[in-house]
Amino acid sequence: MKVLIVGSGGREHAIAWKVAQSERVDKIYCAPGNAGIAEYAECVPIGAMEFDRLVAFAKEKEIDLTVIGMDDPLVGGVVDAFEAAGLRVFGPRKNAAILEGSKAFSKDLMKKYGIPTAAYEVFHSPETAMEYLQTAKLPIVLKADGLALGKGVLICQTREEAMDGVKSLMMDRSFGSAGDTIVVEEFMTGREVSVLTFVDGNTYRIMASAQDHKRAQDGDQGLNTGGMGTFSPSPFYTPEVDAFCRQYIYQPTVDAMRAEGRTFQGVIFFGLMLTEDGPKVLEYNARFGDPETQVVLVRMKNDIVDVFEACVDQTLDQIDLQFEENAAVCVVLASDGYPLKYEKGLPINGLENFADRDGYYVFHAGSRFSDGQIVTNGGRVLGVTAKGADLKQARANAYAATEWVSFANKYMRHDIGKAIDEA
Ligand code: AMP
Ligand code: GLY
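Residues numbered from 1 in each chain as written. Chains lettered and ligands numbered in written order. Predicted model: local features only at pLDDT ≥ 70, side-chain atom pairs only at ≥ 80, totals over all residues. Heavy atoms only, no water.

Peer 1: So what's going on with the nonpolar core? Residues and values would help.
Peer 2: One finds Leu4, Phe82, Tyr237, Tyr250, Leu272 and Leu382 to be the most contacted residues of the largest nonpolar core, which totals 81 residues. In this structure, tyrosine 250 is in contact with Val195, Tyr204, Ile206, Tyr237, Cys245, Phe270 and Leu272, ignoring residues within four places of it in sequence. Of all hydrophobic cores here, the second largest spans 43 residues; its members include Leu65, Leu196, Val296 and Cys311. (Core = buried A, V, L, I, M, F, W, Y, C linked by side-chain atoms within 4.5 Å. Buried < 20%, exposed > 50% of the residue type's maximum accessible area, 1.4 Å probe, protein only. Contact = heavy atoms within 4.5 Å.)

Set out below in structure tokens:
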């Protein structure tokens, strides 16, 4: 069969690598893809938001299944466009992708269905938000309602910061219309865990747990980024936590979406915080995480195409999802200066060192070809990923492998997986 993957990051590279393992797949296309994805897929220069061109391409090439990696096209209704053309596609429809597309929607859903999450208020005007913040308990969290590249969350320690935050989100509109509505949320403390699940509308299957590192610098300092590294599994995701989440979070979310007439088929990414009062939902994403996907998929045993199809056909109850009994760590190699200003177009050397090395992977997040050479093309450039018998071994392997590649402004965190030592 022929598969089309939509996206261009490390997540899509990991998906393409996993799809390429399937004996059922003869040909993979990726739109727009990157220089790493090109090893497994024919990359076509169509942007992820060009729905008409994507649909026309899928029809012309008689694509059997399209997999959408990114949030923007999902929230924008790319799945609806494919379905309207009679094409098979993996991902939530627009009315379900709102689970990620609007934080006010997801908070209201959790409240209505009793799913544990932080206490919150929703505001549509800066005046009412500021009035509320005069007396709200500190610290307090402000969130832009809409998509903001993972950067629309402000943790405010003082009232002044909170007022500045409202001004930035709602008046200066630093994230455009995404901040016209904001959620103001109670500050929680605890360990964070990412849990990716396949969902077919009725049934869910959990992929391995993972943990991301969102801040740019060691010790969780600096600005928020898309994610600087991950490990899987999370040692804090115990069988007790798992049992609680299955009963009070995962199935209730799937059922709530169906009850609302927003049947969810695709991946729900549960961003959880393990608080003293038990696990609570920090956020939902309507897609695979990046770079969580890299550490999760390298451990997955199933043919991923079978699982994608089971979600589309609502037969996920027949899938026994299995993971290897090992661990994986991904260290992101970024361009120095990310997430602010950085240089692109710098040659990347040493990629060949990963060829034929079992258990070591280099997933490209931002790369392209230039005069026959692979060069940097983004803030996050590569996700060096390694497996090991346990988390410590996987971390040692991943950091050793970061030395195999080089580019002029290579930057990484040196404490990915530090929490492993505290487990
Ligand atoms: P989100 O995009 O909603 O996951 O938020 C980004 C990050 O902000 C999370 O990974 C947390 O580290 C932090 N965060 C979000 N909401 C809260 C909260 N209510 N309390 C404490 N930290 C939070
Ligand atoms: N790594 C966090 C995300 O994909 O949103």
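Back to the text.
Peer 1: So what's going on with the packing of helix H1 (residues 10–20) against helix H11 (residues 304–313)? Residues and values would help.
Peer 2: The geometry of H1 relative to H11 is characterised by a closest axis approach of 8 Å and an angle of 105° between their N-to-C directions. Comparing their axes, H11 and H1 come out roughly perpendicular. Contacts from Ile15, Lys18 and Val19 in H1 reach Ile304, Val305 and Phe308 in H11. (Axes fitted to C-alpha atoms, helices over the stretch in contact; angles between N-to-C directions. Helix = DSSP H or I, 4+ residues; strand = E, 2+ residues; numbered from the N terminus. Parallel < 35°, antiparallel > 145°, perpendicular 65-115°, else oblique.)

Peer 1: Any details on the site of ligand 2? Residues and values, ideally.
Peer 2: Every residue lining ligand 2 is accounted for by Asp212, Gly226, Phe269, Asn285, Arg287, Gly289, Asp290, Pro291 and Glu292. Here an oxygen atom of ligand 2 and a side-chain polar atom of arginine 287 are 2.9 Å apart. The contact in question runs from a nitrogen atom of ligand 2 to an N or O atom on the side chain of glutamate 292, over 2.8 Å. Protein chains shield 90% of the accessible area of ligand 2, which is 200 Å² for the free molecule. Of the residues belonging to the shell around ligand 2, the class tally is 2 nonpolar, 3 polar and 4 charged. (Near = heavy atom within 4 Å. Polar contact = N/O pair within 3.5 Å; in protein donor to acceptor, adjacent residues only side chain to side chain. Areas by Shrake-Rupley, 256 points an atom, 1.4 Å probe, with all protein chains shown as cover. Nonpolar A, V, L, I, M, F, W, Y, C, P; charged D, E, K, R; others polar.)

Peer 1: I'd like to hear about the sheet that holds strand S6 (residues 120–123), residue by residue, with values.
Peer 2: What the 4 strands build is an open sheet, ordered S6-S9-S7-S8; its pairing is antiparallel. Edge positions in the sheet fall to S6 and strand S8 (153–156), since each of these pairs with one other strand and no more. On average, each strand axis in the sheet is inclined to that of its neighbour by 20°, with strand direction left out of account. Pairing between S6 and strand S9 (residues 182–186): 4 bridges, direction antiparallel. Within the sheet, the bridge partner assigned to phenylalanine 123 lies in S9 and is isoleucine 182. Running at roughly 0° to strand S7 (residues 140–144), helix H8 (residues 159–171) makes contact with S6, S7, S8 and S9 of the sheet. (Pairing = 2+ DSSP bridges.)

Peer 1: Tell me about the site of ligand 1, and please be specific about residues and values.
Peer 2: Every one of the 13 residues lining ligand 1 counts as a neighbour, but Glu185, Glu186, Met188, Glu192 and Glu283 are closest to it. Separating a nitrogen atom of ligand 1 from a side-chain N or O atom of glutamate 185 is a distance of 2.6 Å. Coverage of ligand 1 by the protein amounts to 92% of the 470 Å² it exposes when considered alone. Considered class by class, the residues forming the shell around ligand 1 number 6 nonpolar, no polar and 7 charged.

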